[in-house]
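# Fold and contact review
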Amino acid sequence: MNLRKILLLVAVLLGIAAFFAFDLGRFLSLSYLQQSQATLAELTARSPLQVALAYFAIYVAATALSLPGATLITLAGGALFGLFWGTVLVSFASSVGATLAFLVARYLLRDSIQARFGPRLADVNRGIEKDGAFYLFTLRLIPVVPFFVINLVMGLTTMKARTFYAVSQLGMLAGTVVYVNAGTQLGRLDSLQGILSPALLGSFVLLGLFPLLARWVIQFVQRRQVYARWRSAKPRSFDRNLIVIGAGAGGLVSAYIAAVVKAKVTLVEAHKMGGDCLNYGCVPSKALIRSAKLAHQMRHAGQFGLSATEPAFRFRAVMQRIEAVIRAIEPHDSVERYTGLGVEVLQGHARITNPWTVEIALNDGGTQVLTARSIVIAAGARPLVPPLPGLEDSGYVTSDTLWERFGQLDEVPRRLLVLGGGPIGCELAQAFARLGSQVTQVEMAPRLMLREDEDVSAAVRQALQADGVEVRTDHQALRCERDGNDKVLVVSHHGVEQRIVFDELICALGRSARLSGYGLEELGIPTHKTVDTNEYLQTIYPNIYAAGDVAGPYQFTHVAAHQAWYATVNALFGEFRRFKVDHRVIPWATFVDPEVARVGLSEQDAKAQGVAFEVTRYGIDDLDRAIADGEARGFVKVLTPPGKDTILGVTIVGTHAADLLAEYVLAMKHGLGLNKILGTLHTYPTLAEANKYAAGEWKRAHAPQRLLAWVRRYHDWKRQ
């Protein structure tokens, strides 16, 4: 706490102490006010403006300091100034005072509260940002909720001060009128309890509940409106509880959960079970990376005291191994397995014809029409292909199509061009370079892996270049051409055109959600790069949900499975309880060598969001197990609030970084700090010790030096 905060806190405490020390509360009793009414009325008649200003200042101060007696001061306003002017003065004074209390709480406490409990308060902050004004208005209408508590608690949130003031001004008006009006009849009051009879108090409670009821009615009307044109199409009964469109990671999990809870569920897949991850993405790419890494290790066997050798292989055999890996995993995602679980699996193209009906053009011919109470869209994503002149004529592959195309080759592509410097492009560029291709990687941005910090991008670039990849960042692709038998990509670098000759080109520019072809347009479901959903993963039709790549904002298999749980549970049991999808702790990894893994904020994210942080860094080149394995490179980087061990984000660059990250994911999910990791026993010698040593680096940097100085004196004394 800085000097300004200390001075403000002292001033507030002195004000409160003075109130009690001088027994100022004796002036805020009903009997005193009634006895002094005539004197105060005479004073007001002589100097109305001065009395009004003094009254206003006293009210503001009492409210700002959260002192007791606001009710009596309000009554005095009615007694002295009448209903109209009393209401005006009290309304503005109470709102100004409440806002000052709000700002004091914010200035003194919010930063420390948010720093300590930030991850746990993330949902609260999002809720305040979205609906905070609505709920504040509701609370202001109910006098049974102490207003000073509302002032202080709201100050700890992210609500804007002007919003707090405006809503308070409006929300407290009804209660202000009641109390000021009672003040005009001050002489007839026997007690404060007489102001709010049970009936009047109940009316206020109902008034406070009215916005909630109104909101529910509005939502009900909106649902009726969105379904209005389909009212005649709604079936009286449904064939299924749930229909799931897409059998990738999200769709498989949705169907599995529905079957486990004994719902009648149909899973529709137009192409291959397992979706992109099994057939084109995670599984085949990791199998390719493993073969490439072994080839790399054979070339560098001398580092381990063995004879280095150039690997001899047929590229077709490498691709056949990848196919074998896919076949070995296929049973996990097969039609037979899911049928055995109780899921009806239909292979065909699904199209939503109304909010409850799906028409399936079956792959083996014919059409089947099914109705369901709820639908989950898990249609996945497809590779992005740029509108590059000449690209179609030159030919290209994507991360989806390269497996079939390259599987027909006996030799690895000699001159391979990878277009894109993101995770997919970097993984494929390094893998093919290690298998013997002459790889050129072209990226329009100034560095690779643009979503990561600059030190991570530099580490990845260094690793790729060490494996022979020619990395060309800040190069914009212009067009593809033919030069005799050669294929050429023309790029621009600082305004100068360059020509890159290639035999095969991989477009690795990311993936876009599949948004067309299955009825979104006809139903009018909004999309903006992904399907628009709320926090429950509902589209504008509350019974239609989206999960996975098609829902965004993350395109990861594990996130698709994570979202599928929320979408399915909400779809099947939402009338009892709905769950907001939790995106607070999302890990991801890029499987280059060394691997890059991250959870939470990076340095550039924290700077962009204005989050105060400090960095703790541990070099894996110092780790015993990494040295023994010949993998002594990389680092663990942890972001924490200044002076706190709360984990804001972690980036790991190194061998098995994705596995090492799991400990931090667990810690962030359950609010554990670096002290807890440091106090956890880690097996020696393992790579996981890197996490403990990173925590140790933080602890060393925050050692209590003054206390240690006294401890040293103690030990010096003990030696005497």
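Before reading further, recall that the structure is shown in the block above.
Here we summarise the structure given alongside this text. Note that the structure is predicted; figures quoted are calculated from it, not measured. Numbers given to residues run from 1 along each chain, matching the order in which its sequence is written. Residues qualify for local features only when their pLDDT is at least 70, as the model is predicted, and side-chain atom pairs are given and counted only at 80 or more; totals for whole chains, interfaces and linings, by contrast, use all residues. The side-chain values count all of the structure's non-hydrogen atoms but skip hydrogen atoms and water molecules.

Going from Asp 593 to Pro 594, the amide bond is cis rather than trans, its omega being 5 degrees. Residue placement: Pro 594 occurs in the loop between strand S19 (587-590) and strand S20 (595-600). For the bond from Tyr 684 to Pro 685, the omega torsion is -10 degrees, close enough to zero to count as cis. Along the chain, Pro 685 turns up in the loop between helix H24 (674-678) and helix H25 (689-701). Despite not being glycine, Met 449 shows a phi value in the positive range, around 50 degrees. Think of it this way: any DSSP run of H or I at least four residues long counts as a helix, any run of E at least two long counts as a strand, and we number them from the N terminus. Tracing the chain through its elements places Met 449 in the loop between strand S9 (438-443) and helix H18 (454-466). Within the chain, His 656 stands out as a residue other than glycine whose phi angle is a positive 55 degrees. Within the secondary structure layout, His 656 lies in the loop between strand S23 (649-654) and helix H23 (657-669).

What follows covers the sheet that holds strand S22 (residues 635-640). Pairing between two strands requires that DSSP report at least two bridges joining them. Taking strand neighbours across the sheet as the criterion, the 5 strands line up as S19-S20-S23-S22-S21 in an open arrangement whose pairing is antiparallel. Two strands in the sheet have a free side with no partner beyond their single neighbour: S19 and strand S21 (614-619). With strand direction ignored, the average angle separating the axes of adjacent strands in the sheet is 10 degrees. Two strands pair when backbone bridges link them, and S22 and S23 are joined in this way by 5 bridges, in the antiparallel orientation. Of the residues in S23, the one forming a bridge with Val 638 is Val 650. A contact between two residues is defined here by any heavy atoms of the two lying within 4.5 Å. Between N-to-C directions, angles cover 0 to 180 degrees, with each direction set by a line fitted to C-alpha atoms, over the stretch in contact for helices. Sheet strands in contact with H23 are S19, S20, S22 and S23, and its direction is about 10 degrees off that of S20.

We now examine the packing of aromatic side chains. Classification of ring pairs uses Phe, Tyr and Trp, with its six-membered ring standing for Trp, and accepts pairs whose centres are within 6.5 Å; under 30 degrees between planes counts as stacked, over 60 as edge-to-face, and the remaining range as tilted. One pass over the full model with this rule turns up 15 aromatic pairs. Ring centres 5.6 Å apart and planes at 85 degrees place the aromatic pair Phe 406 and Phe 432 in the edge-to-face group. Here Phe 406 is found in helix H16 (residues 402-406), whereas its partner Phe 432 is found in helix H17 (residues 423-434), with 26 residues between them in sequence. Partly exposed residues are those whose accessible area sits between 20% and 50% of the maximum for their type, while under 20% is buried and over 50% is exposed, using a 1.4 Å probe and protein chains only. Judged by relative accessible area, which is 0%, Phe 406 ranks as buried. Ring centres 6.2 Å apart and planes at 35 degrees place the aromatic pair Tyr 554 and Trp 588 in the tilted group. Linking Tyr 554 in the loop between strand S18 (544-546) and helix H20 (557-573) with Trp 588 in strand S19, this pair joins segments that are 34 residues apart in sequence. An aromatic cluster is built from Tyr 55, Tyr 59 and Phe 81, whose rings are joined through pairwise contacts. Whether a charge lies above a ring is judged from NZ of Lys or CZ of Arg, which has to be within 6 Å of the ring centre and within 35 degrees of the ring normal. Lying over the aromatic face of Trp 588, Arg 451 brings its terminal NZ or CZ to 5.1 Å of the ring centre. One residue, Arg 617, lies across the ring of Phe 635, its end atom 3.8 Å from the ring centre.

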